[in-house]
Each structure stands twice: as C-alpha cells, then as structure tokens.
Amino acid sequence: MDIFNLIKIITAALTVIISFTVGFRVFRLNPGNLLNKWFTLFFISSSLGFLTYTFYHLILNNSQIIIPMMITAQIFFNFICISLMMTVFILEKYEKVAMSLKYLGSMMLLFFIMSVGYFIWTPELDMVRYAQDIVDTNTPPEWFIFITLVRTALSIYVVYKYALITRKIGEETKKRVQWFFIGIIFAVIGMFINLMGGFLRSITIEIFALIAIDIATIAIFKGFLIK
C-alpha cells in the first residue's frame, strides 16, 4: 500500500477514536441538555463517517462493496452539517422552537435531499488506481458541485452565526461559546480542505483535513469543560 494512503487511513482511524470518545464524554456531562445531544450527534456522525471511510479504504479485494460504504460515509458527513446548524438554532432560539417543524423539519428535509442524490448520481470506483491498491472514488461533477455548494453555504452560515453569538452572549458563558467557535472554525476548515483533497485527488491534502477535524473536536470539547 502507498505510504501516504496508509498515513491517511491511520489518521482517519485516530479521528474515529477521538470523535467517539469526545462525543461520549460530552453526552455524559449533561445527558438532558439539548445542545449536548446535538453536539454528541455531531461527534458521533463524524466518528461513524470516518470509521466507514477508513474501512472502505482498506478493502482491496472486493470492489463491489466500496461504493455503498462510500455513500454511507457521505451520509454521515452530511449529518455533520445538519448537527452544527441545529446547535445554532438551539443557542439562538428556545429549545421548543429549535425542534419545531420550521427548523428541525427543514434541516431533515435538506439532509434527505443531500443524501438521496448519491443514489441518483452514483459515485464510481477508479479501477486503474484500485489495481495499484489505492481506493479512489469519483463523484459525478454535477452532484459534487451541488453538495459542495450546500455544505459550503451551511458552513459559512454556522461560522457567521457563532461569531454573532459570541459577541452577544453574556460573560458567564462567553468563554465556552468562544471555544465552540474556534472548534467550528477548524471543523469548517477541515471540511473545505477535505473537499479540496477530493477534487484534486490529493491524499496529502486529505490528511491535513483530518488533522484539522481532530483539532476542532478537541476545541469544542474544551468548551464543554468550562463551567
């Protein structure tokens, strides 16, 4: 196996462990808090996404199951954006309002659209690189552009909203939200770098994306530890 591909798989595996551990800890800190629940879903979606991502990059003797696993990973990645959007609604609105049809319902509809497209514009496995023991998938350009634009728009909105929340919030919780903001910045940077890595088909860039996501996870967890 190519050394950079091996490093990417190891980094992804570390991301799985870090995200799952932090998600479990965040939930245990306050199981009844809705914000904790949505951040837990954010971490668990990241963990499961990269777990599936890691597994299908290790499959070098059964090309038939790689694309279904790749689509599964992308569905988890889609839910990362949805989870972050819900944390914004919870911080800005009352919990009942955030969980209403207007907000939660619209996010679930968007999640459905973002996910079902992978079954219409189905990615393909690069068989030339697969013969070289490198798992590389190609998403149809029209769907890749659409999903990239949606994820980018959601990410920019989340960053913008957290910037506003950080300015408006009281001093007693400001430090906590600032750590959330730092973490989300790194999460968005990681998502952008990962998209760039997929577009340029660069394993090295994808490794840096995983590192940024690990930093994001730790920063957000730091926010939850602040009393």
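Refer to the structure above for everything that follows.
Numbers given for residues are sequential positions, taken from 1 along each chain in its written order. The predicted nature of this model means local features are confined to residues of pLDDT at least 70 and side-chain atom pairs, given and counted, to a pLDDT of 80 or more, with totals for whole chains, interfaces and linings taken over all residues. Derived side-chain values reflect all non-hydrogen atoms in the structure, with water molecules and hydrogen atoms excluded from consideration.

Engineer: Explanation requested: the overall build of the chain in the structure shown.
Structural biologist: In this text, helices come from DSSP runs of H or I with a minimum length of four residues, and strands from runs of E with a minimum of two, each type numbered from the N-terminal end. Per the secondary structure count, the chain includes nine helices and two strands. The order of α-helices and β-strands along the chain, N terminus first, is α-α-α-α-α-β-α-β-α-α-α. Radius of gyration here uses only the C-alpha atoms, and the compact-globule reference equals 2.2 Å multiplied by the residue count raised to the power 0.38. For a compact globule of 227 residues, the expected C-alpha radius of gyration is about 17 Å, and the chain comes in at 18 Å, within 12% of that figure. Overall size of the chain, expressed as C-alpha extent along the three principal axes, is 55 × 35 × 25 Å.

Engineer: Sorry if this is basic, but what is going on with a nonpolar patch on the surface here?
Structural biologist: Each patch is assembled from residues with relative accessible area greater than 30% and no salt bridge, linking like charges that lie within 9 Å and nonpolar side chains (Val, Leu, Ile, Met, Phe, Trp, Tyr) that lie within 5 Å. In these tables, accessible area is a Shrake-Rupley quantity obtained with a 1.4 Å probe, and a residue counts as shielded only by the protein chains included in the view. A pairing counts as a salt bridge when a side-chain nitrogen of Lys or Arg comes within 4 Å of a carboxyl oxygen of Asp or Glu. A surface patch of nonpolar side chains, amounting to about 770 Å² of accessible area, comprises Leu109, Phe112, Ile113, Val116, Phe119, Ile120, Trp121 and Phe146. With six residues, the single largest contributor to the nonpolar patch is helix H5 (residues 101-120). Along the polypeptide, leucine 109 turns up in helix H5. Residue burial is assigned from relative accessible area. The probe radius is 1.4 Å, only protein chains are included, and a residue is buried under 20% of its type maximum, exposed over 50%, and partly exposed in between. Of the residues examined, leucine 109 reaches a relative accessible area of 52% and is grouped as exposed.

Engineer: I tried to follow the packing of aromatic side chains on my own but got confused; where do I start?
Structural biologist: By convention here, two paired aromatic rings are described through the distance between centres and the angle between planes. Paired rings are identified among Phe, Tyr and Trp, the last through its six-membered ring, by centres lying within 6.5 Å, and are further divided according to the angle between planes into stacked (under 30 degrees), edge-to-face (over 60) and tilted (the rest). Under the definition given, this model contains 15 aromatic pairs. Ring geometry for phenylalanine 79 against phenylalanine 111: centres 5.2 Å apart, planes inclined by 80°, an arrangement best described as edge-to-face. Linking phenylalanine 79 in helix H3 (residues 66-92) with phenylalanine 111 in helix H5, this pair joins segments that are 32 residues apart in sequence. Of the two residues, phenylalanine 79 and phenylalanine 111, both sit in the buried class.

Engineer: Please clarify how H3 should be interpreted in this entry.
Structural biologist: Every α-helix carries 3.6 residues per turn, so stepping three or four residues along brings you back to the same face. Multiply 1.5 Å by the residue count of a helix minus one, and that product is the helix's expected span. Its 27 residues give H3 an end-to-end C-alpha distance of 40 Å, which sits within 8% of 39 Å, the value for a rise of 1.5 Å per residue. The element H3 is largely enclosed, with a buried count of 20 among its 27 residues.

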